[in-house]
Amino acid sequence: MADLDDLKPGDEVPSEPPVRRSLGVVLRWETLLLVLLGGTIAYGAAVSPYFLQSSNLFYICLNVGEIAIMALPLTLIVVTGEIDLSVASMLGLAGVLMAELFKHGWPIWPAMIAAVVLGAILGAINGFLVTRIGLPSLAVTIGTLTLYRGIAQGILPTDTIGGFPANLANIGVVPIPGTHIPYSIAFFAVLAIVFAVVLHATPLGRAIFAIGAGQEAAFFAGIRVKRIKFWLFVLSGMLSGFAGVLWSLRFASARYDSGVGMELFVVTIVLLGGISIFGGRGTIAGVVVAVAVLGCLQTALTADLIPAQDQNIVVGGLLLASVIVPNARDLYRRARTRLRSAEARRHAAAAAQAEGQ
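The paragraphs below set out a description of the structure included in this document. (Residues numbered from 1 in each chain as written. Predicted model: local features only at pLDDT ≥ 70, side-chain atom pairs only at ≥ 80, totals over all residues. Heavy atoms only, no water.)

**Points about the layout of surface pockets**
Phase 1 of the analysis: Its boundaries defined by the atoms lining it, the second largest pocket holds a volume of some 250 Å³.
Phase 2 of the analysis: If you trace the second largest pocket, you find 17 residues lining it, with Leu57, Ile60, Cys61, Ala292 and Cys296 closest to the centre.
Phase 3 of the analysis: Put simply, the parts of the chain that give the lining of the second largest pocket at least two residues each are α2 (56–79), α7 (183–201) and α12 (284–303).
Phase 4 of the analysis: Of the residues in the lining of the second largest pocket, the class split is 14 nonpolar, three polar and no charged. (1 Å grid on protein atoms, 1.4 Å probe; cavity = no way out; pocket = protein on both sides within 12 Å on 5 of 7 lines; lining within 4 Å. Points joined across faces, edges and corners; volume = space filled by probe spheres on them. Helix = DSSP H or I, 4+ residues; strand = E, 2+ residues; numbered from the N terminus. Nonpolar A, V, L, I, M, F, W, Y, C, P; charged D, E, K, R; others polar.)

Okay, here's the thing in structure tokens:
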């Protein structure tokens, strides 16, 4: 079969984004998210008298800053029908590289830039394997999740590197002057606006939705499917590297196991935000509300002295619910189609057997 990107399709992009066809479903899901957010805030206020204090906003946001940043490019990837489970490993490896370069005499700013560039390279490896070799993104990113973490452990097996300049290390432990907002959430807010404009108000955003709705149809409509997917993986790696820089500065140190298990929270935010696991549907606004829900929930559970392993059970339950509930109609249709196909095959087999007799 010829490489799709090597052909010469037309230049037009479909003017009707698939998201419009399911706008009612998305809006209903976002309304449920707002109700869930209100319930989470009420739960937090019930278990801690300090939950609603403005100073607590800093800690709520701090818990999800890096996770929220990585969720934005993953949102676009999932809208196209793909997945990237290696984001937390790229965060860890980028932080280790920054720390190692700084330890060996590099100025901190070039070391930070190198970490972001490394993230982009790691994302490009994922994108190449998915778009050019044709491997499933789930299998690729599960593999690179382990690979990138293993490389980080090989570089920094047991040591912890710190000693970063205090003025930069402080960005993770002090809020923006005059506010109770951490720097990581401020970066997320700016990026969320950019991503929302791109996804919902540009031809590129319409192309991303079209790919998720039907990759083959999108290609023949003139969309460079493989090219767009490749650069989305690069973007995911770059922002994961940036999150790795923020994470290392926040903890004033770098370790190979930084962010272990964080991919669960990133995927939960994306799917809880209403992004369809089958692609082609969702909004950045839903993801932003999901960030707020997860941040408030984590803080409330911690205030209620819920152990970390039990918190993971709650997050896992949210992840399952966010896959099943908004996609229940699609799942029902798929199941009904399979049942009808199986019934038709049984009738055909019975008819063939009757003719043979």
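Next, the rest of the story.
**Things to note about the environment of Val288**
Phase 1 of the analysis: The residue Val288 is located in helix α12 in this model.
Phase 2 of the analysis: A residue is classified by how much of its surface remains accessible, and Val288, at 33% relative accessible area, is partly exposed.
Phase 3 of the analysis: Placed 96 residues apart in sequence, Val288 and Ala192 show a C-alpha to C-alpha distance of 7.6 Å.
Phase 4 of the analysis: Residues within four places of Val288 in sequence aside, it is in contact with Phe188 and Ala192. (Buried < 20%, exposed > 50% of the residue type's maximum accessible area, 1.4 Å probe, protein only. Contact = heavy atoms within 4.5 Å.)

**A closer look at empty space enclosed by the protein**
Phase 1 of the analysis: Within this structure, the stated rule accounts for one cavity of 30 Å³ or more.
Phase 2 of the analysis: Considered as a void within the structure, the largest cavity measures approximately 50 Å³ in volume.
Phase 3 of the analysis: Every residue along the wall of the largest cavity is listed here: Leu62, Glu66, Ile171, Gly172, Tyr183, Ser184, Leu246 and Arg250.
Phase 4 of the analysis: Elements supplying a minimum of two residues to the lining of the largest cavity: α2, α7 and α10 (225–250).

**A short note on the packing of α12 against helix α13 (residues 308–324)**
Phase 1 of the analysis: Packing of α12 against α13 leaves a shortest axis separation of 11 Å and a crossing angle of 150°. One finds that α12 runs roughly antiparallel with respect to α13. Note on packing geometry: the crossing formed by α12 with α13 is right-handed. Residues Leu294, Leu297, Gln298, Leu301 and Thr302 of α12 lie in contact with α13, whose contacting residues are Gln311, Val314, Val315 and Leu318.
Phase 2 of the analysis: Split by residue class, the contact of α12 with α13 holds six nonpolar, three polar and no charged. (Axes fitted to C-alpha atoms, helices over the stretch in contact; angles between N-to-C directions. Parallel < 35°, antiparallel > 145°, perpendicular 65-115°, else oblique. Left-handed = near helix turned anticlockwise from the far one by under 90°.)

**With respect to the packing of aromatic side chains**
Phase 1 of the analysis: Going through the model one piece at a time under the given rule, you end up with six aromatic pairs.
Phase 2 of the analysis: Between Phe102 and Phe164, the ring centres sit 5.6 Å apart and the planes meet at 50°, which makes this aromatic pair tilted. Of the two residues, Phe102 sits in helix α3 (residues 87–103) while Phe164 sits in the loop between β1 (161–162) and α6 (166–169), which places them 62 residues apart along the sequence.
Phase 3 of the analysis: Among the residues examined, Phe102 registers a relative accessible area of 22% and is labelled partly exposed.
Phase 4 of the analysis: Each ring, one from Phe187 and one from Phe242, has its centre 5.3 Å from the other, and the planes form 70°; the classification is edge-to-face. With Phe187 in helix α7 and Phe242 in helix α10, this residue pair connects regions lying 55 residues apart in the sequence.
Phase 5 of the analysis: Taking the relative accessible area as the measure of exposure, Phe242 reaches 23% and is therefore partly exposed.
Phase 6 of the analysis: Here the guanidinium or amino end of Arg250 rests over the ring plane of Trp247, the centre of that ring lying 5.1 Å away. (Phe/Tyr/Trp six-rings, centres within 6.5 Å; stacked < 30°, edge-to-face > 60°. Lys NZ or Arg CZ within 6 Å of the ring centre and 35° of its normal.)

**Focus: the pattern of salt bridges**
Phase 1 of the analysis: This model, assessed by the stated rule, comprises three salt bridges.
Phase 2 of the analysis: One salt bridge in this structure joins Lys229 and Glu82, with 2.6 Å as the shortest N-O distance. Here Lys229 is found in helix α10, whereas its partner Glu82 is found in the loop between α2 and α3, with 147 residues between them in sequence. Take Lys229 and Glu82: they sit in the same class, and that class is buried.
Phase 3 of the analysis: The salt bridge involving Asp257 is made with Arg255; its shortest N-O contact spans 2.9 Å.
Phase 4 of the analysis: Taking the relative accessible area as the measure of exposure, Arg255 reaches 32% and is therefore partly exposed. (Salt bridge = Lys/Arg side-chain N within 4 Å of Asp/Glu carboxyl O.)

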